[in-house]
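# Descriptive analysis of the structure
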Amino acid sequence: MGKDGECCSTHLIDGDGTFNASGLEIFMKEVKLSDCGLSYAVVSIMGPQSSGKSTLLNHLFHTNFREMDAYKGRSQTTKGIWMAKCPGIEPCTIVMDLEGTDGRERGEDDTAFEKQSALFALAVSDIVLINMWCHDIGREQAANKPLLKTVFQVMMRLFSPRKTTLMFVIRDKTRTPLENLEPVLREDIQKIWDSVPKPEAYKETPLSEFFNVEVVALSSYEEKEEQFKEQVASLRQRFNQSIAPGGLAGDRSGVVPASGFSFSSQEIWRVIKENKDLDLPAHKVMVATVRCEEIANEKYSSFITNKDWSEVEQSVHSHPVPGFGRKLSSILDTCLSEYDAEATYFEGGVRSTKRKQLEDKLLQLVQPAHQSMLGHIRSRTLDKFKDAFDNALKGGQGFAEAARESTKLFMNIFDEECTDAIIKQANWQSTKIRDKLRRDIDAHVAAVRTSELSELTTTYEKKLCEALSAPVEALLDGASDETWPAIRKLLQRECEIAISGFSSALSGFEMDEQDKNNMLSSLEDYARGIVEGKAKEEAGRVMIRMKDRFTTLFSQDSDSMPRVWTGKEDIRAITKTARSASLKMLSVMAAIRLDKYTDSIENTLSLALVDMNSGSAANKTTSSLDALASSTWEEIPASKTLITPVQCKSLWRQFKTETEYTVTQAIAAQEASKRSNNWLPPPWAIVVMILLGFNEFMTLLRNPLWLLVIFVGYLLSKALWVQLDISAEFRNGALPGLLSLSTKFLPTVMNLLKKLAEQGQVPTTNNNQRHQSLAANSFHSDSSGISSSESSEVISSDNGTEYSSPAVHNKTQ
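Keep in mind that this is a model prediction, so the values were computed, not measured.

## What to know about the overall build of the protein chain
- Across its full length, the protein chain carries 26 helices and 10 strands.
- The buried share of the protein chain, reckoned over its 813 residues, is 41%.
- Restricting to contacts in the protein chain with at least 6 residues of sequence separation, those with at least 24 account for 73%.
- Looking at the protein chain as shown, the accessible area adds up to about 44200 Å², and 52% of this sits on carbon and sulfur atoms.

## A few points about the pattern of salt bridges
- For the structure shown, the criterion picks out 30 salt bridges.
- Its salt-bridge partner being arginine 252, residue aspartate 126 comes within 3.1 Å of it at the nearest N-O pair. Placement of aspartate 126 in the loop between helix H3 (112-124) and strand E6 (127-133) and of arginine 252 in the loop between helix H6 (225-238) and helix H7 (261-274) is noted, with a sequence separation of 126 residues between them. By the burial criterion, aspartate 126 is buried, and arginine 252 matches it.
- A salt bridge links lysine 584 to glutamate 602; the shortest N-O distance between them is 2.6 Å. With lysine 584 in helix H17 (residues 571-589) and glutamate 602 in helix H18 (residues 601-609), the pair connects residues that are 18 residues apart, well separated along the chain.

## Here's the deal with the confidence of the model for the protein chain
- Here the protein chain shows a mean pLDDT of 78. Residues at 70 or above account for 81%.
- Of the regions scoring below 50 in pLDDT, residues 70-75 engages in 10 contacts with residues more than four places distant in sequence or in other chains.
- Within the model, pLDDT remains below 50 along residues 613-621, and this stretch shows 8 contacts once partners closer than five positions in the same chain are excluded.

## Details of the pairing of strand E4 (residues 81-85)
- A large share of E4 lies buried, amounting to 4 of its 5 residues.
- The antiparallel hairpin formed by E4 and strand E5 (residues 92-98) contains 6 residues in its connecting segment, where glycine 88 sits at a positive phi of about 80°.

## Digging into the packing of helix H16 (residues 542-555) against H17
- At a minimum axis separation of 9 Å, H16 and H17 run at an interaxial angle of 150°. When the axes of H16 and H17 are compared, the pair comes out roughly antiparallel. Along this stretch, H16 crosses H17, giving a crossing that reads as right-handed. Two secondary-structure elements touch here, H16 through Val542, Arg545, Met546, Arg549, Phe550, Leu553 and Phe554 and H17 through Ile571, Ile574, Thr575, Thr577, Ala578, Arg579, Ala581, Ser582, Met585, Leu586 and Met589.
- When the residues that make up the contact of H16 with H17 are grouped by side-chain class, the tally is 12 nonpolar, 3 polar and 3 charged.

## Quick word on the environment of arginine 563
- When you line up the elements, arginine 563 lands in the loop between H16 and H17.
- Along the sequence, arginine 563 and leucine 553 sit 10 residues apart, while their C-alpha atoms lie 9.8 Å from each other.
- Excluding residues that lie within four positions of it along the chain, arginine 563 makes contacts with Leu553, Phe554, Ser555, Gln556, Asp557 and Ile574.
- Within polar-contact distance, the side chain of arginine 563 engages the backbone oxygen of glutamine 556 at 3.1 Å.

## Topic: a nonpolar patch on the surface
- On the surface, a nonpolar cluster with roughly 1100 Å² of combined accessible area is contributed by Leu705, Leu708, Phe711, Val712, Tyr714, Leu716, Phe745, Leu746, Met750, Leu753 and Leu756.
- Of all the elements in the fold, those that place two or more residues in the nonpolar patch are helix H23 (705-724) and helix H25 (734-760).
- With 6 residues, H23 is the largest single contributor of residues to the nonpolar patch.
- Mapped onto the fold, leucine 716 is located in helix H23.

## Here's the deal with the packing of aromatic side chains
- Tallied over the full model, the rule gives 16 aromatic pairs.
- Judged by centre distance (5.4 Å) and plane angle (10°), the ring pair of phenylalanine 550 and phenylalanine 554 falls under stacked. Note that phenylalanine 550 and phenylalanine 554 are positioned in helix H16 at a spacing of 4 residues, about one turn of the helix. Exposure class is identical for phenylalanine 550 and phenylalanine 554. Each is buried.
- Here the aromatic cluster, defined as three or more aromatic residues joined through ring pairs, consists of Phe385, Phe389, Phe399, Phe410 and Phe509.

## Structural notes on a negative patch on the surface
- On the surface, a cluster of negative charge is contributed by Asp383, Asp387, Asp390, Glu452 and Glu455.
- For the negative patch, the secondary structure elements donating two or more residues are helix H11 (348-394) and helix H13 (431-478).
- For the negative patch, the leading source of residues is H11, giving 3 residues.
- Note on placement: aspartate 390 falls in helix H11.

## Here's the deal with the environment of aspartate 599
- With respect to the element layout, aspartate 599 can be found in the loop between H17 and H18.
- Not counting chain neighbours up to four residues away, the residues in contact with aspartate 599 comprise Arg593, Glu635 and Ile636.

## Things to note about the side chain of threonine 55
- Relative to the elements of secondary structure, threonine 55 occurs in helix H2 (residues 53-61).
- Filtering out sequence-adjacent residues up to four positions away, threonine 55 remains in contact with Glu67 and Tyr221.

## A look at the packing of H11 against H13
- One way to put it is that H11 packs onto H13 with a least axis distance of 10 Å and a crossing angle of 25°. By the angle between their axes, H11 is roughly parallel relative to H13. For the pair H11 and H13, the crossing hand works out as right-handed. Of H13, the residues touching H11 (which contributes Gln371, Leu374, Arg378, Thr381, Leu382, Phe385, Lys386, Phe389, Asp390 and Leu393) are Ile433, Lys436, Leu437, Asp440, Ile441, His444, Val445 and Val448.

## Some words on the pairing of strand E3 (residues 40-46)
- Counting buried residues along E3, 7 of its 7 residues qualify, which places the element largely inside the surrounding structure.
- The two faces of E3 match: Tyr40, Val42, Ser44 and Met46 on one face and Ala41, Val43 and Ile45 on the other face are all buried.
- With 6 bridges connecting them, E3 and E5 associate as parallel partners. By the bridge assignment, alanine 41 is partnered in E5 with threonine 93.
- By the bridge criterion, 4 bridges tie E3 to E6 in an arrangement that is parallel.

## Side note on unusual backbone geometry
- Here the amide bond leading from glutamate 90 into proline 91 is cis, since omega sits at -10°, within 30 degrees of zero.
- Structurally, the position occupied by proline 91 is in the loop between E4 and E5.
- For lysine 32, which is not a glycine, the phi torsion comes out positive at approximately 55°.
- Mapped onto the secondary structure, lysine 32 falls in the loop between helix H1 (21-31) and E3.

## Some points on the UniProt feature "binding site: GTP" (unreviewed entry) in the protein chain
- Mapped onto the present numbering, the UniProt feature "binding site: GTP" (unreviewed entry) falls at Gly47, Pro48, Gln49, Ser50, Ser51, Gly52, Lys53 and Ser54.
- Mapping serine 51 onto the fold places it in the loop between E3 and H2.
- Judged by relative accessible area, serine 51 falls into the buried class, the value being 1%.
- In contact with serine 51, other than residues within four places in its own chain, are Asn131, Trp133 and Arg171.

Rules behind the numbers
Residues numbered from 1 in each chain as written. Predicted model: local features only at pLDDT ≥ 70, side-chain atom pairs only at ≥ 80, totals over all residues. Heavy atoms only, no water. Helix = DSSP H or I, 4+ residues; strand = E, 2+ residues; numbered from the N terminus. Buried < 20%, exposed > 50% of the residue type's maximum accessible area, 1.4 Å probe, protein only. Contact = heavy atoms within 4.5 Å. Areas by Shrake-Rupley, 256 points an atom, 1.4 Å probe, with all protein chains shown as cover. Salt bridge = Lys/Arg side-chain N within 4 Å of Asp/Glu carboxyl O. pLDDT = per-residue confidence, 0-100. Pairing = 2+ DSSP bridges. Axes fitted to C-alpha atoms, helices over the stretch in contact; angles between N-to-C directions. Parallel < 35°, antiparallel > 145°, perpendicular 65-115°, else oblique. Left-handed = near helix turned anticlockwise from the far one by under 90°. Nonpolar A, V, L, I, M, F, W, Y, C, P; charged D, E, K, R; others polar. Polar contact = N/O pair within 3.5 Å; in protein donor to acceptor, adjacent residues only side chain to side chain. Patch = residues over 30% accessible without salt bridge, like charges linked within 9 Å, V, L, I, M, F, W, Y side chains within 5 Å. Phe/Tyr/Trp six-rings, centres within 6.5 Å; stacked < 30°, edge-to-face > 60°. Lys, Arg positive; Asp, Glu negative; His and termini not counted. Charge placed at Lys NZ, Arg CZ, Asp CG, Glu CD. UniProt positions renumbered as here; feature names shortened; annotations may be inferred.

Pasting the structure below:
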C-alpha cells in the first residue's frame, strides 16, 4: 500500500496471479470508494513491455507507478497489476497498470497471464488504454492483435459483455498524420471482431454495441518532452467527468456499485483463473471446436423452431399430450442424427463432447415440458383417486380398505401413464413425481380420515350433549338426595350407548387399539365434562334457584295453591321447611359427585346454618361454624368443589337477607287478618272498661248533652285527621311528621271554621243536606281512619331473628 499526496495505490494482483483481497479492501477504505455508489470510473492500460505505460499514467493521472530507469537497460518494471486513485479528477477514477506483454521474463510460450490480465482489464474497466508504438501499426504481435482476439472471444463466453471504451494511444508519433493512422487501426479492430467466434445471441452484434474505439497520438517523451506534456495535459481533460453523457464512458452499461467492486473483482479473477479456454488449443482441435460448436448451435436453433416441438410444447402446458415420449424422442433423434452427419469428419473427441453438450442443452430445453407432462399425469391421477375414494366411502366400504385398494390401483395407473412419457435419450426417473403423488394421496387420505373422525366424534358428542344437558339441568333443579345417583345412572347409560355406537363406527378405520381406546376414553371424558359443565353453570345460579325454591314452598301450599294468610298458619314452621329445602339445593350444588363417595356437606350446612339456635345443637355451634371457615370440603377433592364452605356461608347470609322481606310481609298480612277479624277488645278489657267507666257512664245518663258535645268533638277531630292526612305525614318518621303538622294545624283549623261559617249562611234545606253529606263523609273517614291505625308486633323466627310487622294502611277484608 502506497500513498503520495492525494494518490493512493496498491498491488492488486502479483506476478504469480494471486489476488490481494485484503489490500483492495484497505485501498477502498482509504479512497472511500464504497461511498461513491455508481459515480466512479475504472481505467486500465495494456501494451508491450517497456512501452512507457507507467510513465504515461503518471503524467496523465498524476499517479506514482514505478517507471523504468532508462540508464539501467530495458527490463520488466511492472509485475502483475497495480491499482491507484487518480487525484484531481471527478468523479472518483481508479487506474490499473497491467504488466507488459511480450516480455522476455515470461518467455515466448507463457502467455496465459497476459491473456488473463487483459481479460480482467476488459471485464472490470470502463476505459482501456492500449499503448503502442507508432512504428508497430500494421504489425500482428506488436499491435496485440492475437491477444485481443482471444480476449474478445473468451470474454463474451465468460461474462455478459459491457460497453467499454478502447483508446489506442500511439506513442512517438512520426510525421505520418493521425488521419492516416486511425483508419488502419479501426480496420484492424473490426477484422479482429469479425473473426472472433461469437455465441448465438451475439452473432450479428456489431463492434460498436460493446466497444467505443478512440485513437490519440502523443509525441516522443524523450525527444519532445514539453510537447508530450502539453498533449497529455490536453488528454487529461477528457477523463474529467468521463461517465457523464458525452464523456469517454458516457454510454457504459452493467456497472457494479462501488461497494461491491471488491467482491466483483475477486469473482471475475477467479473465473478467469479457472477457465481453460485461455490456453490456445492445437490448430486441429481448435477448428473442430469452433466448427462443431457452430453446427451444434445451428441444430439447437433448428430444434427450437421445429413445428412439431412447438406444438408439443404449447399443448403440454395446458393438458396432457398423448404419445408425448414417442414424439419428443423422434424429434430429438432427428436433430442429433443431423448433427452426426455434418460433424462426422471432425476430431472425434471434440465431436463427441459437443454432441453431448448439444444433447444436454436439448434435454434441458425439453425437461420443463416433460415435467409439465408428469405434473398433468400426477394431477389427473390424484383427481381420479379422490373421486374413486369418495365413491367407495359413500358406497359403505370401510375407510381403511377403501384407502388401501384405491391407492394401489391409481399408483399402478400412474406408472403406466409415466411409461408413455419416457424420452429415450434421457435417463430421467419419475421417482420424485411418483413420491409426490404418493405423499399427496396419503395427505388426502389423512385429511379425509381426520375429517371423518372429527365429524364422527362431533356427531356422538352432539348426541351426548342432547341426551345429558336438559336432564342434568332438570335433576339439579329438583335437588334431592337422589339427584347425584340419578345423574350418575343417566351418565352411565348414555355413555354406554354412545361408546357402543362409536366403537362400531371406528372399526372400519382399522385403528391401533391404543388410539381407539384413547378416542373412546375422550368421548367418555367429554360426557363427564358436559355434566360437570352443567353443574358449574347451575352452581353459578344457585342463589336464584334457592330463592325460587323458597318462594315456591313458602307462598304455595301442598296443593301448589297460593297461600292466604288467615292467621292460622304456622309461619315459623313453613319458613323452616322452605329454608331447609333451599339448603338442600345448596348442598347438592356444592360439589360434583360423579364418583361414588359419601360426604357430610348437607349435615355440616344444616348444623351451621339452620340448627345453630336449637337446643340440641347448642353445643355444636362453634364447631359447625369452624367447619365453614374453610375453602375445601373434607371428603371432596378441590377439583370437584363447586361452592366452598366459605362461599356457602356467604350465600346463605345473602339468601336470608333477600328472603326476610317475604317472611315479614307474610307476618304483616297475618296480623292484618287477625285485626280485621277481631275488632272488639279482649273480654278482660271490656270488664275493666265497665268497672272503671261506671261513674262516667252514669254522668252521661244524667246529662245527655255530654253525648252531643262528645259527638261534635269526634266529628271535628275526624275532619282534622282527614284534612291533615296524619297517617301520611308520619310515614317518614315521628319528628318530620310533628314538624309538618305544626305548620299545617292552624291554617287547617281556620279553613275548617271558615267553611262552617259559610255553611251557616245557606238556607235551612241546604243546611240539612249539608249535614247529611258531612255525616256521610264522617262515616267514610271513620272507616278509613280505623284501617289506617298502625300496629307493630315482634315475632321471633327459628334462628332468633325478630321480624316487625309494618304499618298496614288498608284493612284486610
